[in-house]
Amino acid sequence: MIKDTLTYDIVGSFLRPAEIKEARKAYKDGKITKEELTQAEDLAIASLVEKEVAHGLKYVTDGEFRRRWWHLDWLKEFDGFDTIHFTKEINGTSNEIELGTVTGKFFYDKNKAHPELCAWDYLHSLTQKYDGITAKKCISGPNMILIDHFLQLGNKETPYYGTDIHALIDDIAKAYQDAILDFYNHGCRYLQIDDTSWTYMIDDDFVKKVEALGYTKEQVLNWFVTVSTKALENHPKDMKIATHFCKGNFKGNPLFHGFYDTIAKSVASIPYDGYFVEYDDARSGSFEPWKILKGSDRTFVVGLISTKNPRLETKEEIKERFLDAKEVIGDNLALSPQCGFASVEEGNCIDEETQWRKIDLLISCKDFI
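Please read all numbers here as calculations on a predicted model, not as lab measurements.

The rules behind the values
Residues numbered from 1 in each chain as written. Predicted model: local features only at pLDDT ≥ 70, side-chain atom pairs only at ≥ 80, totals over all residues. Heavy atoms only, no water. Core = buried A, V, L, I, M, F, W, Y, C linked by side-chain atoms within 4.5 Å. Buried < 20%, exposed > 50% of the residue type's maximum accessible area, 1.4 Å probe, protein only. Helix = DSSP H or I, 4+ residues; strand = E, 2+ residues; numbered from the N terminus. Pairing = 2+ DSSP bridges. Axes fitted to C-alpha atoms, helices over the stretch in contact; angles between N-to-C directions. Contact = heavy atoms within 4.5 Å. Phe/Tyr/Trp six-rings, centres within 6.5 Å; stacked < 30°, edge-to-face > 60°. Lys NZ or Arg CZ within 6 Å of the ring centre and 35° of its normal.

A.B. asks: Please clarify how the nonpolar core should be interpreted in this entry.
C.D. replies: Nonpolar side chains tend toward joint burial in soluble globular proteins. With 108 residues, the main nonpolar core has Leu 146, Leu 151, Trp 223, Trp 290 and Phe 300 as its most contacted residues. Ranked by residue count, the leading element in this core is helix α6 (residues 165-185), at eleven residues. Within the second largest apolar cluster, eight residues are counted, among which are Val 11, Tyr 59, Tyr 190 and Val 301.

A.B. asks: Please explain the sheet that holds strand β6 (residues 190-194) as it appears in this structure.
C.D. replies: For sheets, the rule is that strands pair by backbone hydrogen bonds, running either parallel or antiparallel. Strand order across the open sheet formed by six strands is β5-β6-β7-β8-β9-β10, with parallel pairing between neighbours. The sheet is open, and its two borders are formed by β5 (137-140) and β10 (333-337), each paired with just one other strand. This sheet shows a mean twist of 25° between the axes of neighbouring strands, independent of strand direction. Looking at chain direction, strand β8 (residues 274-278) and strand β9 (residues 299-305) are connected through five bridges and run parallel. The residue of β9 that forms the bridge with Val 277 is Val 302. Most of the contacts of α6 go to β5, to which it runs at about 170°, and overall it touches β5, β6 and β7 (240-245).

A.B. asks: What am I meant to see in the packing of aromatic side chains here?
C.D. replies: Geometrically, a pair of aromatic rings is defined through the distance of the ring centres and the angle of the planes. Applying the stated criterion across every chain yields a total of 23 aromatic pairs. Between the aromatic rings of Phe 78 and Tyr 108, the centroid separation amounts to 6.0 Å while the plane-to-plane angle is 65°, which identifies the pairing as edge-to-face. With a gap of 30 residues between them, Phe 78 in the loop between α3 (72-75) and β2 (79-90) and Tyr 108 in the loop between β3 (93-107) and α4 (115-127) connect regions that are remote in the sequence. Judged by relative accessible area, Phe 78 falls into the buried class, the value being 2%. Under the relative-accessibility criterion, Tyr 108 is labelled buried at 4%. Seen from their ring centres, Tyr 215 and Trp 223 are 5.1 Å apart, and the 75° between their planes marks the pair as edge-to-face. By relative accessible area, Trp 223 is classed as buried at 3%. Clustering of aromatic rings is evident, with ring pairs tying together Trp 74, Phe 78, Phe 106, Tyr 108, Tyr 176 and Phe 183. The aromatic ring of Tyr 215 is capped on one face by Lys 156, whose charged end is 4.4 Å from the ring centroid. Over the ring of Tyr 184 we find Arg 189, and its NZ or CZ is 3.6 Å from the ring centre.

Structure representation (structure tokens):
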């Protein structure tokens, strides 16, 4: 992803409109069919794409309007994977939570009708009537499987693989290779792999949990680099693949704390075309960890506009920080919000008007990018 093909972009998700929330609740309550829910989603997504284009975006998504979770809805496309449901108190409120778990041999069945592939087909069809507009598909990354099964749930082995994590990693990577090719064959040329697993590993409290389970930080980072790199093997060269990560975004609240210094080298070793990284406040630290990308043909997409904070940044603030990043990382730099506006269907603690004002701010910055 060279600089002149990307100057500004979005991470992916948008606040769910009222009609989507009402339709999803009606479906959950058994009041409408799955087909009726899909029809409601189709209408809302068509309206969203029209609005994205009208506001000046060149890369558009479906807002993840068909998803409950940013990551698990995609991971459920794989055989040998399922989720566990429970409730957990977060920030003083009770929340319905799911975590992923490996249940058997892990693979991507190319003969199945995959909901996420159908979702891509619909988004892609909507963009065909526009000149110069590219549809972007966002999926969650392979590291999330390892984080949930081994580190969140504390499992020491898996069905089918036992304790052989390397055999599991090989199969996860192969499954991603097959899925990536499936998207490519359906016309996808821009894929974003979201993976917040990296920022789990910058949080001292989570690293202590990892060590208590008998693993080291270096060992886990090696898992991530291995499976992420293998997942990209043999992907079509005219398909651009970027990655995004932030420090968690649950209903607008961050989940992890720390700086990128100890993970940047690992992340940069994976041959993504672009790296979307959160930098909307002082919690992110300096841009120094990413100077290793300077002079490369890979694009660093600096996330300076907050999707969590309703305060609208000024163009002058964004320009100052963007130029600071450029001094460290070089010219191959682009701009985006730091995350999506709704990593879960409830969305962040901002309203739709603010959401679109932040998109307009993003577009207005193209004159100095």
